[in-house]
Amino acid sequence: MNKHPESTEPTDEHQITLRGPAELADALPYLMGFHPNDSVVMVALHGGRGRFGGRLRVGIPPAPTEWAPVADQLAQCLISGSERRDSRPDAIIAFLCQDPAEGESPHQVMERLRPFAQSLRTACGAREVPVLEALCISDGRYWSYCCPDERCCPAEGNPLALPGTTVMAAAAAYAGIQVRGSLRDMEARLEPLGTPVAQAQERALDSAGARLVSQILDVQGRRHVAEETLALARKLIERLAQAPAARPGEADAGDDRLIEADEAAAVILGLQDRETRDRAAEWMEGSEAEGALRLWRALARRCVGPYVEHSAAPLALAGWVSWSTGDEPGARVALGLALRADPDYTFAQLLHQACNEGLDPETLRRCLRGERGLRAARGDTAPEGPVGSGQPAPAPPPIPRRRTARVSAARERRAARETAPASVPAASGAGASHQRSPATRRRARGYRVQSRRGTRNGR
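- For the protein, an unreviewed UniProt entry supplies the name DUF4192 domain-containing protein and the organism Streptomyces flavovirens.

Quick look at the structure:
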């Protein structure tokens, strides 16, 4: 992982060649930084040696009727994004990862997802980019949808290699790349708390909402809401930073105990204003970044009941701080959850796209530093700046745009987009292009991964 986000120059670059489905399946967690449960992952390949490029991950749509349009959107997104960032891919590798449901076998999972894999191959082939390999990974086994040879790809599948026993594991350890468990585990850290905490937090959110409505009806009231939100957020960040270090696995619970329900409610509702949220995004580097990230995660867990859609703001901030500090897997998870909470949340959309395309977050960091400097030069009086800095504060934001906390409406908007009919041009064969690229002809030579000590893997 990138320990120094200011620099994008490679240091101590190493190359690992992956040959065959077994090594590809083993490499997936290292490419993503976590084990992607219930996910479709697509990775672009460049050049005759199959250098790994851009990648994207989304949840597997539960309805088979969604598979064809989603496959078309994924193919378009990966190919166009690769063209903007690097070059048009020569080929693509697809992974379908899903554990069996109750009463279902891993082999049945593979067969059930076969039409989705075919849709991905067809969508990519229609754009003249072949899918070199499509793998299904389920319950510790993998299958190839592309290899017909049962000698290497039997019907019962092959077991995944034991963790830490492969060349990819050794190379990842040397490069400092860590796999932090499953996607499900990472998402659990950001999901709403359960009862009885949820009941008390929902009452606090109701009470804070009633109080804020009366305050934002005039200019001074709106100014006070902005100042109060930023000041309270900084106070909570300082409180979290000063707390004794918790034991592994207990850090989130410890942070939750340090924040009162009414404090969380006030900051959550205050962050629904765009300008207030943007100023909070300035706490994205240095000593203040860690405390800010802990606060945004804790606030996301406090968006309970009908306030789930409000979690888009703290989740997007958590994703931004993660990306800014070099934690791309954590950023993608947080931003993905933000878009799940509110698919129309523009801040999360832009960050998610930029992170997936491998852009440098330093560009946005410079913009936020510039905004902070301009406000300080103007002598604005609203609180801002680093935690405990005592710098001048910004002007108040406009009237907060209060979000309607109806999760069903957000889901309906997302379902409407995902199920919209998509036209997929016919492709020759099983999703293959008419002409085989050099990368396709060199499939037997393996796929090239670049791992860099101290920089992003494969970037």
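**Side note on the overall build of the protein**
Argument step 1. Looking only at helices and strands, one finds 17 helices and eight strands in the protein.
Argument step 2. Out of the 459 residues belonging to the protein, those deemed buried represent 53%.
Argument step 3. Sequence-distant contacts, at least 24 apart, represent 75% of the contacts inside the protein between residues at least 6 apart.
Argument step 4. With an accessible surface of roughly 20,300 Å², the protein has 53% of that area assigned to carbon and sulfur atoms.

**Looking at the pairing of strand 2 (residues 39–46)**
Argument step 1. Buried residues dominate strand 2, accounting for eight of its eight residues.
Argument step 2. Pairing geometry for strand 2 and strand 3 (residues 51–59), over seven bridges, is antiparallel. Note that in strand 3 the partner of H46 across the bridge is R51.
Argument step 3. What sits between strand 2 and strand 3 in their antiparallel hairpin is a turn of four residues, with G47 showing a positive phi close to 80°.

**Observations concerning the nonpolar core**
For soluble globular proteins, nonpolar side chains are generally found buried alongside one another.
Argument step 1. F95, L295 and W296 are the most contacted members of the largest nonpolar core, which has 80 residues in total.
Argument step 2. Broken down by element, the residue count for this core peaks at nine residues, all from helix 12 (residues 312–324).
Argument step 3. Counting residues in each nonpolar core, the second largest holds 30 residues, with V40, A75, A117 and W143 among its members.

**Side note on the pattern of salt bridges**
Argument step 1. Tallied over the full model, the rule gives 23 salt bridges.
Argument step 2. For D252, the salt bridge goes to R301, with nearest N and O atoms at 3.7 Å. With D252 in helix 8 (residues 251–258) and R301 in helix 11 (residues 287–301), the pair connects residues that are 49 residues apart, well separated along the chain. Of the two residues, D252 and R301, neither departs from the other in class, the shared state being buried.
Argument step 3. Two residues, E362 and R365, come together in a salt bridge whose shortest N-O distance is 2.7 Å.

**Some details on the packing of helix 6 (residues 197–215) against helix 9 (residues 261–270)**
Argument step 1. Contact pair helix 6 / helix 9: the axes reach a minimum separation of 8 Å and the direction vectors enclose 50°. With respect to their mutual orientation, helix 6 and helix 9 come out oblique. Crossing angle aside, the handedness with which helix 6 passes helix 9 is right-handed. Of the residues in helix 9, those in contact with A200, Q201, A204, L205, A208, G209, R211 and L212 of helix 6 are A261, D262, A264, A265, A266, I268 and L269.

**Concerning unusual backbone geometry**
Argument step 1. Between T195 and the following residue, P196, the backbone shows a cis peptide bond with an omega angle of 0°.
Argument step 2. By the secondary structure assignment, P196 is in the loop between helix 5 (183–188) and helix 6.
Argument step 3. For E128, which is not glycine, the phi torsion reads 65° and is therefore positive.
Argument step 4. The residue E128 is located in the loop between helix 3 (106–126) and strand 5 (131–138) in this model.

**What to know about the packing of helix 12 against helix 13 (residues 328–341)**
For any two helices packed against each other, the geometry comes down to the angle between their axes and how far apart the axes lie.
Argument step 1. At a minimum axis distance of 8 Å, the contact between helix 12 and helix 13 shows a crossing angle of 165°. In terms of axis orientation, helix 12 runs roughly antiparallel to helix 13. Here helix 12 and helix 13 pass one another in a crossing that is left-handed. Together, A312, L315, A316, A318, G319, S322 and W323 of helix 12 and E328, G330, A331, A334, L335, L337, A338 and A341 of helix 13 make up the contact between the two elements.

**Remarks on helix 2 (residues 67–85)**
Argument step 1. Compared with the 27 Å implied by 1.5 Å per residue over 19 residues, the 27 Å span of helix 2 between its first and last C-alpha is a close match.
Argument step 2. Every buried residue belonging to helix 2 is among W67, P69, V70, A71, D72, L74, A75, L78, I79, S80, G81 and S82, and all of these are buried.

**A few points about the environment of G47**
Argument step 1. Inspection of the secondary structure puts G47 in the loop between strand 2 and strand 3.
Argument step 2. As for G47 and S87, which are separated by 40 residues in sequence, their C-alpha atoms are 9.6 Å apart.

**Let's talk about the packing of aromatic side chains**
Argument step 1. Counted by the stated rule, this structure contains three aromatic pairs.
Argument step 2. Between W67 and F116 the ring centres are 5.4 Å apart and the planes differ by 20°, which places this aromatic pair in the stacked class. Of this pair, W67 sits in helix 2 while F116 is found in helix 3, placing the two residues 49 residues apart along the sequence.
Argument step 3. Ring centres 6.2 Å apart and planes at 5° place the aromatic pair W283 and W296 in the stacked group. With W283 in the loop between helix 10 (274–280) and helix 11 and W296 in helix 11, this pair connects stretches of sequence that are 13 residues apart. Like W283, the residue W296 is buried in the burial classification.
Argument step 4. Positioned over the ring face of F347 is R277, at 4.1 Å from the centre of the ring.

**Notes on the confidence of the model for the protein**
Argument step 1. The share of residues in the protein with pLDDT of 70 or more is 75%, and the mean pLDDT across the chain is 79.
Argument step 2. Note on residues 1–12: pLDDT is under 50 here. Beyond four places in sequence and across chains, it has 35 contacts.
Argument step 3. Confidence drops under pLDDT 50 across residues 381–459; counting only partners more than four residues distant or on other chains, this segment forms 230 contacts.

**Structural notes on helix 11**
Argument step 1. In terms of burial, helix 11 is a largely internal element, 12 of the 15 residues being buried.
Argument step 2. Within the sequence span of helix 11, burial applies to E288, A289, G291, A292, L293, L295, W296, R297, A298, L299, A300 and R301.
Argument step 3. In this structure, the buried residues of helix 11 make contact with helix 7 (219–242), helix 8, helix 9, helix 10, helix 12 and helix 15 (362–378).

Conventions and cut-offs
Residues numbered from 1 in each chain as written. Predicted model: local features only at pLDDT ≥ 70, side-chain atom pairs only at ≥ 80, totals over all residues. Heavy atoms only, no water. Helix = DSSP H or I, 4+ residues; strand = E, 2+ residues; numbered from the N terminus. Buried < 20%, exposed > 50% of the residue type's maximum accessible area, 1.4 Å probe, protein only. Contact = heavy atoms within 4.5 Å. Areas by Shrake-Rupley, 256 points an atom, 1.4 Å probe, with all protein chains shown as cover. Pairing = 2+ DSSP bridges. Core = buried A, V, L, I, M, F, W, Y, C linked by side-chain atoms within 4.5 Å. Salt bridge = Lys/Arg side-chain N within 4 Å of Asp/Glu carboxyl O. Axes fitted to C-alpha atoms, helices over the stretch in contact; angles between N-to-C directions. Parallel < 35°, antiparallel > 145°, perpendicular 65-115°, else oblique. Left-handed = near helix turned anticlockwise from the far one by under 90°. Expected span 1.5 Å × (residues − 1). Phe/Tyr/Trp six-rings, centres within 6.5 Å; stacked < 30°, edge-to-face > 60°. Lys NZ or Arg CZ within 6 Å of the ring centre and 35° of its normal. pLDDT = per-residue confidence, 0-100.

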